[in-house]
Amino acid sequence: MLQVKDISFSIADKQILHNITFSIHQGKFVGLIGPNGSGKSTMLKIIYRHLKQTSGMVTLYEDDIIHISQKKLAQEIAVVSQETPVLFDFTVKDLVLMGRTPYKKWLANDNQEDFAIVEESMHLANVQHLENRTFNQLSGGEKKRVMLARALAQQAKILILDEPTNHLDIEHQYQLMDLVKGLPITIVAALHDLNLAAGYCDELLVMKDGALYMEGTPEEVLTEETLKRVFHVQAGISKNPFTKKLHLFFYTKQ
Ligand SMILES: Nc1ncnc2c1ncn2[C@@H]1O[C@H](COP(=O)(O)OP(=O)(O)OP(=O)(O)O)[C@@H](O)[C@H]1O
C-alpha cells in the first residue's frame, strides 16, 4: 500500500537518512523503533509530506505522494505528531471538528454526520469531558489525546503516530494502544517503549544512524543481540504470561 523507496534526506550538508527502503502493507500495525536521533521522526515526516526527501520516492497505491493533492492525502493519511501545535483559543470540540476538513468543500458548513463522527472520535480518545475546554490549557497527555481524536475524525486509511504514548499515564498508554490496534486501518508508529512495540506491532522497522538496520516481526527483531547493537543495553527476553507476547527487561552491567 505504502512504499518507501531509496529515501535519503540531508539538511545543511548533514545526511540524516541514508537510502531507506521498506513497504507497509494494508491493515498492519508497523512500529518504527531506534535510539534518539536515529531518524524516526524525519522518516515519518517524509511519509506524511511534512518534509521533502533529497532523493528517493514514497508511493501510496503506486502513486508518488508528491502528486497527490493535499486534500486527498489528508483523506488517506492522518498524523499525531510529536509537536502539539499552538492553536490559540480553539476548544477541543472545534479542534476535533477540524479533522473533517478534508471532506469539505470550501466554506461548507459542518453537517450532522460530521458532528456524529466528532462525538464518536472524542469518545474513543477519551476526551469527551474536555470538549468545551480550550486546547492550550490542557495537560500534555490531554493534548495528545485530543490530537488523536482529531486524527480519528479524519477517518484516514493510514494513521501515523510519532511517539503516541509520550506524556500519557500508564492507563492511557494501554488505552491508546488498544484503541489504535482495534481500528481497521494501517498504523505506522514511532515507539520508544519496546514492550509496547512487542505487544502491539505486527512488524518492526529498526532504525540506526539514519539507516534501516533491520525489519521483521517483534520475535525476529527484538533479540538480545539487536538490543545490544542498536540500543546498547543488556536485555533479557521472556514472555508476558497474560498476553503471551514478548516481554523485555533491561539491565546494565555495573
Ligand atoms: N532541522 C534539522 N536540522 C538539523 N538536524 C536535524 C533537523 N531535524 C533533525 N535533525 C537531526 O536528524 C537526526 C534525526 O532526527 P529525528 O528527529 O528524525 O530522530 P528520532 O529518531 O525521531 O529521534 P528521537 O527518538 O530523539 O525523537 C538527529 O541527529 C537530529 O538532530
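As a reminder, the structure under discussion sits directly above these lines.
A quick note: this is a predicted structure, and the numbers were derived from the prediction, not measured. (Residues numbered from 1 in each chain as written. Predicted model: local features only at pLDDT ≥ 70, side-chain atom pairs only at ≥ 80, totals over all residues. Heavy atoms only, no water.)

What's the story with the side chain of T226 in this structure? I'm lost.
Along the chain, the position of T226 falls in helix 9 (residues 224–231). What makes T226 buried here is its relative accessible area of 7%. Among the polar contacts listed, one links the side chain of T226 to the backbone oxygen of V221, at a separation of 3.0 Å. For T226, the residues in contact, after removing those within four places along its chain, are Y213, M214, V221 and F231. (Helix = DSSP H or I, 4+ residues; strand = E, 2+ residues; numbered from the N terminus. Buried < 20%, exposed > 50% of the residue type's maximum accessible area, 1.4 Å probe, protein only. Polar contact = N/O pair within 3.5 Å; in protein donor to acceptor, adjacent residues only side chain to side chain. Contact = heavy atoms within 4.5 Å.)

What's the story with the pairing of strand 11 (residues 234–239) in this structure? I'm lost.
In summary, the side chains of a regular strand alternate between the two faces of the sheet. Across six bridges, strand 11 lies against strand 12 (residues 246–251) in antiparallel orientation. For S238, the partnering residue across the bridge sits in strand 12 and is H247. (Pairing = 2+ DSSP bridges.)

How should helix 9 be read in this particular structure?
For an α-helix the count is 3.6 residues per turn, leaving residues at separations of three or four pointing the same way. Of all the positions in helix 9, only T226, L227 and V230 are classed as buried. The buried residues of helix 9 occupy an angular sector of 100 degrees when the element is viewed end-on, so they sit on one face. In this structure, the buried side of helix 9 is in contact with helix 7 (194–200), strand 9 (203–208), strand 10 (211–216), helix 8 (218–221), strand 11 and strand 12. Positive backbone phi, approximately 60 degrees, marks H232, located one or two places after helix 9. (Arc of directions from axis to C-beta.)

Mind showing me how you'd approach the site of the ligand here?
As a matter of local geometry, the ligand sits amid 14 residues, with G37, K40, S41, T42 and H192 nearest to it. T42 places a side-chain nitrogen or oxygen 2.5 Å from an oxygen atom of the ligand. Contact with the protein chains covers 61% of the free accessible surface of the ligand, which is 640 Å². Looking at the shell around the ligand, the elements that each hand over two or more residues are strand 2 (14–24) and helix 1 (40–47). No other element matches the three residues that helix 1 contributes to the shell around the ligand. Along the lines of polarity and charge, the residues of the shell around the ligand split into three nonpolar, eight polar and three charged. (Near = heavy atom within 4 Å. Areas by Shrake-Rupley, 256 points an atom, 1.4 Å probe, with all protein chains shown as cover. Nonpolar A, V, L, I, M, F, W, Y, C, P; charged D, E, K, R; others polar.)

Help me understand the layout of surface pockets in this model?
In this approach the atoms are scanned with a rolling probe the size of a water molecule, which exposes any empty space left behind. There is about 640 Å³ of room inside the largest pocket. Residue lining of the largest pocket: 23 residues in total, with Y48, Q70, V79, R150 and Q154 positioned closest to the centre. Going through the elements one at a time, helix 2 (70–76), strand 6 (77–80) and helix 5 (140–153) are the ones with two or more residues in the lining of the largest pocket. Residue contributions to the lining of the largest pocket peak at four residues, all from helix 2. (1 Å grid on protein atoms, 1.4 Å probe; cavity = no way out; pocket = protein on both sides within 12 Å on 5 of 7 lines; lining within 4 Å. Points joined across faces, edges and corners; volume = space filled by probe spheres on them.)

Explanation requested: the sheet that holds strand 3 (residues 29–33) in the structure shown.
Either a parallel or an antiparallel arrangement is found when strands of a sheet pair, and the pairing is made through backbone hydrogen bonds. Across the sheet, six strands lie side by side as 6-7-8-3-9-10; this open sheet has mixed pairing. The two strands at the open ends of the sheet, each matched to only one other strand, are strand 6 and strand 10. For this sheet, the mean angle separating the axes of adjacent strands, direction not counted, is 15 degrees. In this sheet, strand 10 lies alongside strand 9 in antiparallel orientation, the contact comprising five bridges. What sits directly across from K208, in strand 10, is A211. Sitting on the sheet, helix 5 is in contact with strand 6 and strand 7 (158–162), with an inclination near 175 degrees to strand 6. (Axes fitted to C-alpha atoms, helices over the stretch in contact; angles between N-to-C directions.)

Even after reading the chapter, I still don't get the pattern of salt bridges, so can you show me in this structure?
Two side chains carrying opposite charge are able to pair once their charged atoms lie near each other. The tally for this structure, following the rule as stated, stands at seven salt bridges. Ionic pairing is found between D114 and R100, a salt bridge with its closest N-O pair at 3.0 Å. Note that D114 is positioned in helix 4 (residues 112–124) and R100 in the loop between helix 3 (92–97) and helix 4, a separation of 14 residues in sequence. Of the residues examined, D114 reaches a relative accessible area of 2% and is grouped as buried. Residue classification places R100 among the buried positions, given a relative accessible area of 4%. Among the ionic pairs, E225 bridges to R229, the shortest N-O distance being 3.3 Å. With a gap of four residues between them, E225 and R229 both fall in helix 9, about one helical turn apart. Through salt bridges with shared partners, one network takes in K72, E76 and K157. (Salt bridge = Lys/Arg side-chain N within 4 Å of Asp/Glu carboxyl O.)

What am I meant to see in the sheet that holds strand 2 here?
One open sheet accounts for four strands, arranged 2-1-4-5; its pairing is antiparallel. At either margin of the open sheet sits one strand with a lone partner, and together these are strand 2 and strand 5 (63–64). As paired strands, strand 4 (residues 55–60) and strand 5 are joined by two bridges and run antiparallel to one another. Pairing of T59 across the sheet is with D64, part of strand 5.

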